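Residue-level listing of the chains:
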Amino acid sequence: MAQVEYKDLLDAGVHFGHLTRKWDPRMAPYIFMEKNGIHIIDLNKTLASIDEAAAAMKGIVRSGRKVMFVATKKQAQEIVTEEARRLKMPFVTDRWLGGMLTNFATIRKSLKKMQGIEKMMKDEATYKSLAKRERLTVFREKEKLERVLGGIADLTRLPAALFIVDVKREHIAVAEAKRLGIPVFAMCDTNSNPSDVDFPIPANDDAYKSIRLITLAIGKAIEEGLLERKQDKDDQRLQDEEEVKRAEDVKTAKAEGETAVEAEAETSPIVAEDTEDQED
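Note that the structure is predicted; figures quoted are calculated from it, not measured.

Undergrad: Mind laying out the overall build of the protein chain, listing which residues take part and the relevant values?
TA: Broken down by element type, the protein chain carries eight helices and eight strands. Against the globule reference of 19 Å for 280 residues, the protein chain gives a C-alpha radius of gyration of 31 Å, more extended than a compact globule. If one aligns the C-alpha atoms of the protein chain with their principal axes, the spans along those axes are about 125 × 65 × 30 Å. Across the 280 residues that make up the protein chain, the buried fraction comes to 40%. Put simply, of all contacts in the protein chain between residues at least 6 apart along the chain, 64% involve residues at least 24 apart. Between the averaged position of the 46 positive side-chain charges in the protein chain and that of its 51 negative side-chain charges there is a distance of 18 Å.

Undergrad: Give a detailed account of the pairing of strand β4 (residues 67-70), specifying residues and quantitative values.
TA: The alternating pattern of β4 places V67 and F69 and M68 and V70 on opposite faces, both of which are buried. Across four bridges, β4 lies against strand β6 (residues 161-164) in parallel orientation. Its bridge partner being in β6, V70 is matched across the sheet by I164. Bridging between β4 and strand β5 (residues 91-92) involves two bridges; their strand directions are parallel. Within β5, the position partnered with V70 by the bridge is V92. Handedness of the crossover joining β4 and β5 through helix α3 (residues 74-87) is recorded here as right-handed.

Undergrad: Tell me about the sheet that holds strand β3 (residues 38-41), residues and numbers included.
TA: What the three strands build is an open sheet, ordered β1-β3-β2; its pairing is antiparallel. Each edge of the open sheet is held by one strand with a lone partner, namely β1 (16-19) and β2 (31-35). Going across the sheet, the axis of each strand differs from the next one's by a mean of 30°, ignoring polarity. Pairing of β1 with β3, which is carried by two bridges, proceeds in the antiparallel orientation. Paired with F16 across the strands is I40, a residue of β3.

What counts and how
- Residues numbered from 1 in each chain as written.
- Predicted model: local features only at pLDDT ≥ 70, side-chain atom pairs only at ≥ 80, totals over all residues.
- Heavy atoms only, no water.
- Helix = DSSP H or I, 4+ residues; strand = E, 2+ residues; numbered from the N terminus.
- Rg over C-alpha atoms; globule rule 2.2 N^0.38 Å.
- Buried < 20%, exposed > 50% of the residue type's maximum accessible area, 1.4 Å probe, protein only.
- Contact = heavy atoms within 4.5 Å.
- Lys, Arg positive; Asp, Glu negative; His and termini not counted.
- Charge placed at Lys NZ, Arg CZ, Asp CG, Glu CD.
- Pairing = 2+ DSSP bridges.
- Right-handed = clockwise from strand over helix to strand, strands pointing away.
- Axes fitted to C-alpha atoms, helices over the stretch in contact; angles between N-to-C directions.

Here's what the structure looks like:
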């Protein structure tokens, strides 16, 4: 499990919330105190939430399903993109398209269109046969699709969970996931509503260091889940091989037993005949 310590959270500024006048009263259980007009998040609650979220996330990934990272705010884009790519998970860091989950069939069509453009551009003969203006149009369309959908290019079905950096900013993604029953793991600042998500992590969602720390903690849990899944598959493969070998051994032993019985049956009449001759 990802080990995040109290001091790490403190150094990253995870405890700094928003101005008291901007708070959401539903975040009250996670607020420790008020200082200089700013709410201070209870880091003990943050640690407990990280552990709970990491354990649940690991279980989801271990079952072989995908987790989608969502973070369109500037200070979160780089770290979220980097971590999602490292873990080979889908991500959205440019703009959340309405219906990306609830209208996934249409999104799949756009992905196929993007793949078709890429295939055409790789075919030099076809691409060069286009007029210069047409090539420019195709190139711009490809860039636009890649910017918005590039992070989910390999997604063939709906993700099993979402990890979101800013609940208020990504409220459309939260609403779509809620409608489809997809669990949401999210960083919740003092101006957020934690009841909108399944696994809220009370934390500063504006500071780069804070976002990085929480994202890496979740990424570590996903990585452990992937390793455990790989180990489970290896163990299952060995078990299957042992069962096949055992079945072959049983089959061989059975065949040898039948051969021995047949051999004994063939020799028995000869012994009987010899005995009759001796009596005569």
